[in-house]
Amino acid sequence: MKEGLKYDPTNADVYYQLGMSYLEQSRRDPAAPLYVNQGRQAFQQAVAYDTQHPDAYYQLALSYEFPSRDYNRAMSIFYKQLSVNPRHRDALAHLGNCSFLTKQYRVGVDLLEQLLDTHGDALPTYSKTLLAQLKASLLQEEREYDKAAEMYDEFIEGLDPAERIYYSD
């Protein structure tokens with residue numbers, strides 16, 4: 001990959017593949033933090049040369065989510081990934097997960113509402129379910145229990161029937 005960059009130093013896909021190889025190495029090697037940092041740098045180069053890359057922001061955000069556990073930074077990058085590629089279901093799930101892990105329900109609600117306003121139905125249908133879940137958690141945190149119960153009901157209604165059964169027993 002590095003050799004290829006000598007011939008085309010602005011090729012975002014080569015940087016992306018280089019980042020992926022560093023992350024793969026980080027899973028196999030005790031020097032993992034070094035590889036994670038190199039992977040991050042490669043993904044940052046990829047998005048610098050292609051701000052609309054369909055997956056580079058996601059991979060960059062994953063590197064902050066784990067092993068670093070920098071959920072705040074990861075959340076903002078997952079948001080960027082969804083701004084570029086609103087159909088990226090995994091980025092949506094991770095954005096929600098980061099919001100829950102940090103108990104930043106308001107931030108998660110605000111980010112999802114912005115994405116829904118901008119991209120609407122281009123987002124996975126799961127986005128509305130996740131939004132209801134975040135709103136319910138926010139209302140519960142604010143001790144608005146009756147409103148939270150209504151939002152949880154909305155969340156449950158948005159689930160697949162096979163999953164919904166676990167909430168109705």
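Residues numbered from 1 in each chain as written. Predicted model: local features only at pLDDT ≥ 70, side-chain atom pairs only at ≥ 80, totals over all residues. Heavy atoms only, no water.

### Some words on the side chain of glutamine 81
Within the fold, glutamine 81 resides in helix H5 (residues 71-84). For glutamine 81, a relative accessible area of 0% gives the class buried. Here proline 54 takes part through its backbone oxygen, which lies 2.8 Å from a polar atom of the side chain of glutamine 81. A distance of 3.2 Å separates a polar atom in the side chain of glutamine 81 from the backbone nitrogen of tyrosine 57. When near neighbours in sequence (up to four residues on either side) are disregarded, glutamine 81 contacts His53, Pro54, Asp55, Ala56, Tyr57, Tyr58, His88 and Ala91. (Helix = DSSP H or I, 4+ residues; strand = E, 2+ residues; numbered from the N terminus. Buried < 20%, exposed > 50% of the residue type's maximum accessible area, 1.4 Å probe, protein only. Polar contact = N/O pair within 3.5 Å; in protein donor to acceptor, adjacent residues only side chain to side chain. Contact = heavy atoms within 4.5 Å.)

### As for unusual backbone geometry
Proline 67 follows phenylalanine 66 through a cis peptide bond whose omega is 15°. Relative to the assigned elements, proline 67 resides in the loop between helix H4 (56-65) and H5. Within the chain, lysine 103 stands out as a residue other than glycine whose phi angle is a positive 55°. By secondary structure assignment, the location of lysine 103 is in the loop between helix H6 (89-102) and helix H7 (105-119). Judged by relative accessible area, which is 55%, lysine 103 ranks as exposed.

### So, the side chain of glutamate 65
Position of glutamate 65 among the secondary structure elements: in helix H4. For the buried glutamate 65, no salt bridge is present, and the opposite-charge side chain at shortest range is arginine 69, 9.9 Å distant. Engagement of the side chain of glutamate 65 in a polar contact is seen with the side chain of asparagine 97, the distance being 3.5 Å. Those residues in contact with glutamate 65, other than ones at most four positions away along the chain, are Asp70, Tyr71, Ala74, Phe78, His94, Asn97 and Cys98. (Lys, Arg positive; Asp, Glu negative; His and termini not counted. Salt bridge = Lys/Arg side-chain N within 4 Å of Asp/Glu carboxyl O.)

### Quick notes on the packing of H6 against helix H8 (residues 126-141)
Contact geometry of H6 with H8 gives a least axis separation of 11 Å together with a crossing angle of 5°. One element, H6, and the other, H8, form an angle in the roughly parallel class. Residues Arg89, Leu92, Ala93, Gly96, Ser99 and Phe100 of H6 form the contact with H8, whose participating residues are Tyr126, Ser127, Leu130, Gln133, Leu134 and Ser137. The class makeup of the residues in the contact of H6 with H8 is six nonpolar, five polar and one charged. (Axes fitted to C-alpha atoms, helices over the stretch in contact; angles between N-to-C directions. Parallel < 35°, antiparallel > 145°, perpendicular 65-115°, else oblique. Nonpolar A, V, L, I, M, F, W, Y, C, P; charged D, E, K, R; others polar.)

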